[in-house]
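Per-entry structural report
Chain by chain, the residues run as shown.
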Amino acid sequence: MTTVTNTAAQVTALAENEMPPGRKRRTREPSDDTRRINWWATALIAVCSLTVLIPLWLAVMVALKTPDQIASGTGFELPTTIRWENFADAWTRTNFPQALMNTALITVGAVVFTLLTNSIVAYAIARNMHRRFFTGAYFYLLAALFIPFPIIMLPLVKQTALLGIDNQVGMIILYTVFGLSLNVFIYTAYIRSIPIELEEAARVDGASTWRVFWSVIFPLLGPMNATVGILTCVWAWNDFILPLVILSDPADRTLQLAQYVFQGQYNTDYSVAFSSYLMAMAPLLLVYVFAQRWVISGVTRGSIK
């Protein structure tokens, strides 16, 4: 029995020695169950999540407390008595329905016009990058990303007042124009990955350039439209500085401007203010929870040609 075992071992060793040098033995791939967890990445994700969860916890706790409870504690402890009247006071003092309607109107208008116009500009640039004018326009728009807003803020206020667009319509136009640089960068990378043969087939059937874009290209921009739409929605909904310097009529104020009423010269009503913040955050948070997967997939697809 020992002789047979030794002979088998010798045959195996001889076969391994006679194997061609350029040929490697196959190794068994580790299964998904045997992969080790990257604890460093897990710890980093946990720490980053705390930077969001801790302020959110503080906002909820402060919104449910009375001013006396806030003054006597750190703000992170559970409230001894929940005061739901804070939300009713915030609803009344900010005129929440009107401010919510103004914010929704500006946000929806900015998203719609951004998708319709920025995608057209990106398509024209992406299909004409071999021309010097379009290449210069592309890098010109990218350069606008590095211009701080405070530099152009005062001239912008003067121009909007002269043109009579210091209102909600002007806000929609400004959000559409200011988002052009980043959106063209996102759209162009994705459009250039779309096969040109699809457009050539449509042109053979007699389609014009506009028909090619709306019938062929725009339907394929679904992931990019979702990405640009969500980014524009979050920006327009949460923005404070642009409505502050542009809107001249108090009836057009957004939620962010309406919440500024809680900031006094000598004191701040934190309980009612944080209640208002949660009320303003809730609609956008719901939109982002249901649509955030399109942001990741859109950015990933746009980065691959």
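My aim in this report is to walk through the structure given alongside it, one point at a time. (Residues numbered from 1 in each chain as written. Predicted model: local features only at pLDDT ≥ 70, side-chain atom pairs only at ≥ 80, totals over all residues. Heavy atoms only, no water.)

Focus: helix α7 (residues 149-163)
Taking 1.5 Å as the rise per residue, α7 with 15 residues should run 21 Å; its terminal C-alpha atoms sit 20 Å apart, in good agreement. Along α7, the largest kink reaches about 30 degrees and is centred on Pro155. Positioned one or two residues after α7, Gly164 has a phi angle of 75 degrees, which is positive. (Helix = DSSP H or I, 4+ residues; strand = E, 2+ residues; numbered from the N terminus. Expected span 1.5 Å × (residues − 1). Bend = angle between axes of the 7 residues up to and from the residue.)

Considerations on the pattern of salt bridges
All told, the structure shown has three salt bridges when counted by the stated rule. Across the pair Glu77 and Lys65 runs a salt bridge, and its minimum N-O distance is 3.3 Å. Separated by twelve residues along the polypeptide, Glu77 in the loop between α3 (67-72) and α4 (85-93) and Lys65 in the loop between α2 (39-63) and α3 bring together distant segments of the chain. Classification of Glu77 by relative accessible area gives partly exposed; the value is 31%. For Lys65, a relative accessible area of 1% corresponds to the buried category. The partner of Arg83 in a salt bridge is Asp89, with the nearest N and O atoms 3.7 Å apart. (Salt bridge = Lys/Arg side-chain N within 4 Å of Asp/Glu carboxyl O. Buried < 20%, exposed > 50% of the residue type's maximum accessible area, 1.4 Å probe, protein only.)

What about the nonpolar core?
Core analysis: the largest hydrophobic core is formed by 31 residues, its most contacted members being Tyr123, Tyr187, Ile191, Ile217, Leu221 and Leu255. Secondary-structure elements contributing two or more residues to this core are α5 (96-126), α9 (180-191), α11 (209-220), α12 (222-238), α14 (255-258) and α15 (270-302). At seven residues, the largest contribution of residues to this core is made by α5. When sequence neighbours within four positions are dropped, the list of residues in contact with Ile191 reads Ser119, Ala122, Tyr123, Ala126, Arg127 and Leu221. With eleven residues, the next largest nonpolar core counts Leu156, Leu242, Leu247 and Leu257 among its residues. (Core = buried A, V, L, I, M, F, W, Y, C linked by side-chain atoms within 4.5 Å. Contact = heavy atoms within 4.5 Å.)

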